[in-house]
Amino acid sequence: MSTAAATPVSPGRVLADLIPASRVRDVALVLGGAALTGLAAQIAVPVPGSPVPVTGQTFAALLVGTTLGARRGFLSLALYALAGVAGVPWFAEGGSGAAAVSFGYVLGMILASTVVGALARRGADRSPLRMAGAMLAGEAVVYAVGVPYLAYAAGISASAAIAAGLTPFLIGDALKAALAMGLLPTAWKLVKR
């Protein structure tokens with residue numbers, strides 16, 4: 001007799017947990033999450049009046065956290081940040097180093113991937129509405145770190161940082177949340193089959 005807790009889709013598990021456990025798996029997932037984020041950061045569209053471009057980076061970071069869980073998500077994004085600071089040109093628009101005014105968003109992504117990973121372990125990735133909430137919570141964490149860092153690094157006021165580093169991105173973030181609403185719950189439905 002099996003219980004709901006023993007099924008592959010039980011709360012407490014994330015999609016990556018469906019792969020048989022091993023250290024090799026975990027290392028590969030962490031490296032893959034960092035690489036995916038670096039690749040997604042190269043999808044960059046400049047925003048007029050903002051030193052921060054629209055990228056696929058944040059979406060990838062939140063997907064990494066959600067699919068890998070809090071610990072592996074944190075490690076993936078920390079590796080991404082450390083490698084970028086060390087000179088790997090995989091921040092937005094092929095950038096690297098910690099001097100960019102947008103580096104605060106990278107730091108925020110480390111925390112956000114941890115938050116959404118923890119929410120996914122509690123089942124937030126199983127339904128569209130909860131997934132949208134998790135993505136929006138992750139985006140809020142990214143902005144909570146990125147916007148103040150932008151204000152400090154660029155020497156601009158808080159209102160100017162909000163105008164340049166938050167407001168232009170809200171519509172895109174809503175679209176990313178909508179995409180995630182369909183993507184991850186659908187993946188879980190396929191796993192149930």
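Residues numbered from 1 in each chain as written. Predicted model: local features only at pLDDT ≥ 70, side-chain atom pairs only at ≥ 80, totals over all residues. Heavy atoms only, no water.

**Brief notes about the packing of aromatic side chains**
Okay, step 1: Enumeration over the complete set of coordinates arrives at five aromatic pairs.
Okay, step 2: Ring centres of Phe 103 and Tyr 149 lie 6.2 Å apart, and the angle between their planes is 65°; this geometry places the pair in the edge-to-face category. Within this pair, whereas Phe 103 is found in helix α4 (residues 103–121), its partner Tyr 149 is found in helix α5 (residues 128–154), the two being separated by 46 residues in sequence.
Okay, step 3: What makes Tyr 149 partly exposed here is its relative accessible area of 24%.
Okay, step 4: Where Tyr 105 meets Tyr 143, the ring centres are 6.3 Å apart and the plane angle is 90°; that geometry is what we call edge-to-face. Separated by 38 residues along the polypeptide, Tyr 105 in helix α4 and Tyr 143 in helix α5 bring together distant segments of the chain. Like Tyr 143, Tyr 105 is buried. (Phe/Tyr/Trp six-rings, centres within 6.5 Å; stacked < 30°, edge-to-face > 60°. Helix = DSSP H or I, 4+ residues; strand = E, 2+ residues; numbered from the N terminus. Buried < 20%, exposed > 50% of the residue type's maximum accessible area, 1.4 Å probe, protein only.)

**Focus: the packing of helix α1 (residues 23–40) against helix α3 (residues 70–85)**
Okay, step 1: At a closest axis distance of 8 Å, the pairing of α1 and α3 adopts a crossing angle of 50°. In terms of their interaxial angle, α1 and α3 are classed as oblique. As α1 runs across α3, the sense of the crossing is right-handed. Across the interface between the two elements, Arg 25, Asp 26, Leu 29, Val 30, Leu 31, Gly 33, Ala 34, Thr 37 and Gly 38 of α1 pack against Arg 71, Arg 72, Leu 75, Ser 76, Leu 77, Leu 79 and Tyr 80 of α3.
Okay, step 2: Here the contact of α1 with α3 is composed, by residue class, of eight nonpolar, four polar and four charged. (Axes fitted to C-alpha atoms, helices over the stretch in contact; angles between N-to-C directions. Parallel < 35°, antiparallel > 145°, perpendicular 65-115°, else oblique. Left-handed = near helix turned anticlockwise from the far one by under 90°. Contact = heavy atoms within 4.5 Å. Nonpolar A, V, L, I, M, F, W, Y, C, P; charged D, E, K, R; others polar.)

**Examining α1**
Okay, step 1: Between the first and last C-alpha of α1 there are 26 Å, a value that for 18 residues agrees with the 26 Å anticipated at 1.5 Å per step.
Okay, step 2: Every buried residue belonging to α1 is among Arg 25, Asp 26, Leu 29, Val 30, Gly 33, Ala 34, Thr 37, Gly 38 and Ala 40, and all of these are buried.
Okay, step 3: Tucked into the core, α1 has its buried residues touching β2 (54–55), α2 (57–68) and α3. (Expected span 1.5 Å × (residues − 1).)

**Topic: α2**
Okay, step 1: With twelve residues, α2 extends 16 Å between its outermost C-alpha atoms, agreeing within 8% with the 16 Å of an ideal straight helix rising 1.5 Å per residue.
Okay, step 2: Along α2, eleven of the twelve residues are buried, which leaves the element largely enclosed by surrounding structure.
Okay, step 3: By the burial criterion, the buried members of α2 are Gln 57, Thr 58, Phe 59, Ala 60, Ala 61, Leu 62, Leu 63, Val 64, Gly 65, Thr 66 and Leu 68.
Okay, step 4: Looking at the buried side of α2, the elements it contacts are α1, β2, α3, α4, α5 and α7 (170–192).
Okay, step 5: After α2 finishes, the residue Gly 69 shows a positive phi value of roughly 95°.

**Quick notes on the side chain of Thr 58**
Okay, step 1: Following the sequence through the fold, Thr 58 ends up in helix α2.
Okay, step 2: For Thr 58, a relative accessible area of 10% translates into the label buried.
Okay, step 3: Beyond its immediate stretch of four places on either side in the chain, Thr 58 contacts Met 109, Glu 139, Val 142 and Lys 176.

**A short note on the confidence of the model for the protein**
Okay, step 1: Confidence in the prediction of the protein, expressed as mean pLDDT, is 90, and 94% of residues score 70 or more.
Okay, step 2: The weakest mean pLDDT in the protein belongs to α7 at 84; the strongest belongs to α3 at 97.
Okay, step 3: Contacts for the low-pLDDT stretch residues 1–8, under 50 throughout, to residues beyond four places or in other chains number six contacts. (pLDDT = per-residue confidence, 0-100.)

**Points about the pattern of salt bridges**
Okay, step 1: Under the counting rule described, the total for this entry stands at seven salt bridges.
Okay, step 2: Among the salt bridges present, the one from Asp 17 reaches Arg 72, with a minimum N-O distance of 2.7 Å. Here Asp 17, found in the segment before α1, pairs with Arg 72, found in helix α3; they are 55 residues apart in sequence, far enough to count as distant.
Okay, step 3: Judged by relative accessible area, which is 14%, Asp 17 ranks as buried.
Okay, step 4: When the shortest N-O distance is used, the salt bridge between Asp 17 and Arg 121 registers 2.6 Å. Remark: Arg 121 occurs in helix α4 and Asp 17 occurs in the segment before α1; sequence separation between them is 104 residues.
Okay, step 5: Residues joined in a network through salt bridges with shared partners are Asp 17, Arg 25, Asp 26, Arg 71, Arg 72 and Arg 121. (Salt bridge = Lys/Arg side-chain N within 4 Å of Asp/Glu carboxyl O.)

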